[in-house]
Amino acid sequence: MQKCTCCGQSFSWKEVWKANAFLYSPLTCKNCGTEHTVTFWTRLIMGVFIATLLTMINVFLNRYHLAVRYQIIFVCVYLVLMIVLFPYLARYKRSKNNTNEHS
Ligand SMILES: [Zn+2]
């Protein structure tokens, strides 16, 4: 899990998701107040996750004539996995315009 680059305080799973759920808003350390922004890598992971999901849905609909309930179960499992794993993969860097500078 990502730690604060300033004081080393770990961000919680919930904090990472709160920041990510709404268009990658900055993640603020509750210990020292340092703002962190998502890295390109994090956006890439998010993009891959969504692209994979859409591809899977597309494949299900066009190639395999799986029962709708199986498709729904599969998509739900994928979404849950994505939601659980994403904060562990997300990476943040300190915002450039940070006023709180103690290293
Ligand atoms: Zn901190």
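Quantities reported herein were computed from a predicted structural model and do not represent experimental measurements.

Some thoughts on the overall build of the protein
The helix and strand tally for the protein stands at three helices and three strands. Counting helices and strands in the order they occur from the N terminus, the protein gives α-β-β-α-α-β. Expected size for 103 residues packed as a compact globule is a radius of gyration near 13 Å; at 17 Å, the protein overshoots this value by more than 25%. Taking the principal axes of the C-alpha coordinates as reference, the protein spans close to 60 × 20 × 15 Å. Looking at the protein as a whole, 13% of its 103 residues are labelled buried. Residue pairs at least 24 apart in sequence account for 65% of intrachain contacts in the protein once pairs closer than 6 positions are excluded.

Some words on the UniProt feature "transmembrane region" (unreviewed entry) in the protein
Listed under "transmembrane region" (unreviewed entry) in the UniProt record, and renumbered for this structure, are residues 40–61 and 67–90. Taken end to end, residues 67–90 has its terminal C-alpha atoms 34 Å apart, with 92% of it in helix and 0% in strand.

Side note on the nonpolar core
Counting nine residues, the largest nonpolar core is built from Cys 4, Phe 11, Val 16, Ala 19, Leu 27, Cys 29, Val 38, Ala 90 and Tyr 92. Beyond its immediate stretch of four places on either side in the chain, Phe 11 contacts Met 1, Gln 2, Cys 4, Val 16 and Leu 27.

Here we look at the environment of Leu 54
Position of Leu 54 among the secondary structure elements: in helix H2 (residues 40–62). Leu 54 sits in the exposed class, given 10 other C-beta atoms within 10 Å.

Rules of the game
- Residues numbered from 1 in each chain as written.
- Predicted model: local features only at pLDDT ≥ 70, side-chain atom pairs only at ≥ 80, totals over all residues.
- Helix = DSSP H or I, 4+ residues; strand = E, 2+ residues; numbered from the N terminus.
- Rg over C-alpha atoms; globule rule 2.2 N^0.38 Å.
- Buried ≥ 20, exposed ≤ 12 C-beta atoms within 10 Å, placed from the backbone.
- Contact = placed C-beta atoms within 7 Å.
- UniProt positions renumbered as here; feature names shortened; annotations may be inferred.
- Core = buried A, V, L, I, M, F, W, Y, C linked by C-beta atoms within 7 Å.

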